[in-house]
Amino acid sequence: MVSTSGSTLFPLPLSRGYSRSGLFSSVIASNLSNSWISSQKKIVCACMTPSRNVSDGLSSYKLTDSPYTRILNSVEEPESDSDVLIECKNVYKSFGEKHILRGVSFKIRHGEAVGIIGPSGTGKSTILKIIAGLLAPDKGEVYVQGKKREGLISDEEISISGLRIGLVFQSAALFDSLTVRENVGFLLYENSKMSDEQISELVTETLAAVGLKGVEDRLPSELSGGMKKRVALARSIIFDTTKDTVEPEVLLYDEPTAGLDPIASTVVEDLIRSVHIKGEDALGKSGKVASYVVVTHQHSTIRRAVDRLIFLYEGKIVWEGLTDEFTTSTNPIVQQFASGSLDGPIKY
Ligand SMILES: Nc1ncnc2c1ncn2[C@@H]1O[C@H](COP(=O)(O)OP(=O)(O)OP(=O)(O)O)[C@@H](O)[C@H]1O
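Residues numbered from 1 in each chain as written. Predicted model: local features only at pLDDT ≥ 70, side-chain atom pairs only at ≥ 80, totals over all residues.

Q: I tried to follow the sheet that holds strand β4 (residues 139–144) on my own but got confused; where do I start?
A: Sheets are built from strands paired through backbone hydrogen bonds, the pairs being either parallel or antiparallel. Spatial ordering of the open sheet is given by β2-β1-β4-β5, a layout of four strands whose pairing is antiparallel. Each of the sheet's edge strands pairs with one partner strand only, and the pair in question is β2 (98–109) and β5 (147–148). Here five bridges tie strand β1 (residues 84–95) to β4, and the two strands are oriented antiparallel to one another. The residue bridging E87 from the neighbouring strand is Y143, located in β4. Docked against the sheet, helix α3 (residues 124–132) engages β1, β2 and β4, running at close to 125° with respect to β1. (Pairing = 2+ DSSP bridges. Helix = DSSP H or I, 4+ residues; strand = E, 2+ residues; numbered from the N terminus. Contact = placed C-beta atoms within 7 Å. Axes fitted to C-alpha atoms, helices over the stretch in contact; angles between N-to-C directions.)

So this is what it looks like as structure tokens:
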């Protein structure tokens, strides 16, 4: 996980010299290291994996509105890549002597809900950070809407790609000394021309969309773990309503249900669905998130929140398929992982 001293948010073009009060600047300074701040300008990214069952052969795809509905019982990918938001091509990443990613390739298409699963330490969070532009691959490329990303995230890239990429961290990573309203509206307070009243209204509306009411003036310490995750989600889906166009958005969730009880997990899983363009939020409006990628270990999250899975093991994709196919796969790695057995190719 990205270490942020318990405080961070995405997407985040951090303050560019303008701050409507000293409050946010001082909070950032007290919460985040300079190197972290300078690395967090803004995320623009979207990856989607073609549903390909590497070891089992591709089974039927049933995704409604998916390009894969056209290629039932075929290992071929859709002919057109016009809906590909993010592509990772042969990505390698090492940390010192540890070779974490060893040639990872996949695409994320518009409208997809993708899960990345696999044993601990196989590089799932690392691939999210590479997609988000927080880490650079040692080798290989990341394409955002067909445009190759050079280096890490930058302001230039934002305007070129026109795709907003949000990363929702495992810990809700809220600013402890800011209220819920200030946390959710943070980017708008820092970067938009919206008035405080407009932002406050929008924050209330966005919180309602994730099923939270009357918590605007609370501090994060006054919220339960599940509520904090919902606040973090609200923060990642709030948009500047004074802009003419709303950028398409890809959200990357890193273990969004880790540490939650089963019911709180269900709430968060449904929330993830509801803010997707195929879902409907608590206010009955369709969601704005074009595609999302979830890294998770939770079976309930796999079943409930994603349509397609990518299985990462020892730095490579060893299996891809629909969520339904996960438990019936004949791939011994997948079978062992799905059953939680100690016997099998995965060694601990
Ligand atoms: N910045 C870093 N410096 C050194 N090693 C790192 C760094 N980031 C990750 N690693 C190492 O890379 C490996 C993969 O980490 P990563 O967090 O991507 O795994 P993961 O699959 O998400 O694991 P988990 O399921 O346990 O969260 C781990 O061994 C981790 O210690």
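From this point, things continue past the structure.
Q: When you look at the site of the ligand in this model, what are you seeing that I'm missing?
A: Inspection of the region around the ligand gives F95, K98, I100, S120, G121, T122, G123, K124, S125 and T126 as its neighbouring residues. Contributions of two or more residues to the shell around the ligand are made by β2 and α3. Broken down by element, the residue count for the shell around the ligand peaks at three residues, all from α3. Looking at the shell around the ligand residue by residue, the classes come out as two nonpolar, six polar and two charged. (Near = placed C-beta within 6 Å. Nonpolar A, V, L, I, M, F, W, Y, C, P; charged D, E, K, R; others polar.)

Q: Before we go on, may I ask you to explain the environment of L188 in this structure?
A: Mapped onto the fold, L188 is located in helix α6 (residues 186–191). Sequence separation between L188 and I238 is 50 residues; the distance between their C-alpha atoms is 8.5 Å.

Q: Any chance you could explain the sheet that holds strand β7 (residues 249–254) here in plain terms?
A: With mixed pairing, the six strands of this open sheet are ordered in space as β6-β7-β8-β3-β9-β10. Looking at the sheet topology across the chains shown, the edges are occupied by β6 (164–168) and β10 (316–322). For this sheet, the mean inter-axis angle between neighbouring strands, taken without regard to orientation, is 20°. Pairing between β7 and strand β8 (residues 289–295): six bridges, direction parallel. Each bridged residue has a counterpart across the sheet, and for L252 the counterpart in β8 is V293. Each of β3 (113–117), β6, β7, β8 and β9 (308–313) touches α3; the most contacted strand, β7, lies at about 155° to it.

Q: What is the right way to read unusual backbone geometry from this model?
A: Among all residues save glycine, negative phi is the norm, and among peptide bonds the norm is trans. Look at Q145: it is not a glycine, yet its phi comes out positive at around 45°. As for its position among the elements, Q145 is in the loop between β4 and β5. With 20 C-beta atoms packed within 10 Å, Q145 lands in the buried category. Positioned with a positive phi, E314 is a non-glycine residue whose angle comes to about 50°. Looking at the element boundaries, E314 is found in the loop between β9 and β10. (Buried ≥ 20, exposed ≤ 12 C-beta atoms within 10 Å, placed from the backbone.)

Q: How should I be thinking about the nonpolar core in this particular structure?
A: Proteins that are soluble and globular tend to have nonpolar side chains buried together. Counting 77 residues, the largest nonpolar core has I131, V250, L252, Y292 and F311 as its most contacted members. At six residues, the largest contribution of residues to this core is made by β8. Sequence-distant contacts of L252, defined by excluding residues within four places in its chain, comprise L128, I131, A132, I165, G166, L167, V168 and V293. (Core = buried A, V, L, I, M, F, W, Y, C linked by C-beta atoms within 7 Å.)

Q: So what exactly am I meant to see when it comes to the pairing of β7 here?
A: Looking down a regular strand, the side chains alternate between one sheet face and the other. Counting buried positions along β7 yields six of six residues, so the element is predominantly enclosed. Burial along β7 is two-sided: E249, L251 and Y253 and V250, L252 and D254, pointing in opposite directions, are all buried. Of the pairings in the sheet, the one linking β6 to β7 comprises five bridges and is parallel in character. Looking at β7, one finds that R164 is bridged to E249. Read from β7 through helix α9 (residues 262–274) to β8, the crossover connection turns out right-handed. (Right-handed = clockwise from strand over helix to strand, strands pointing away.)

Limitation: the analysis is restricted to geometry and does not speak to function.
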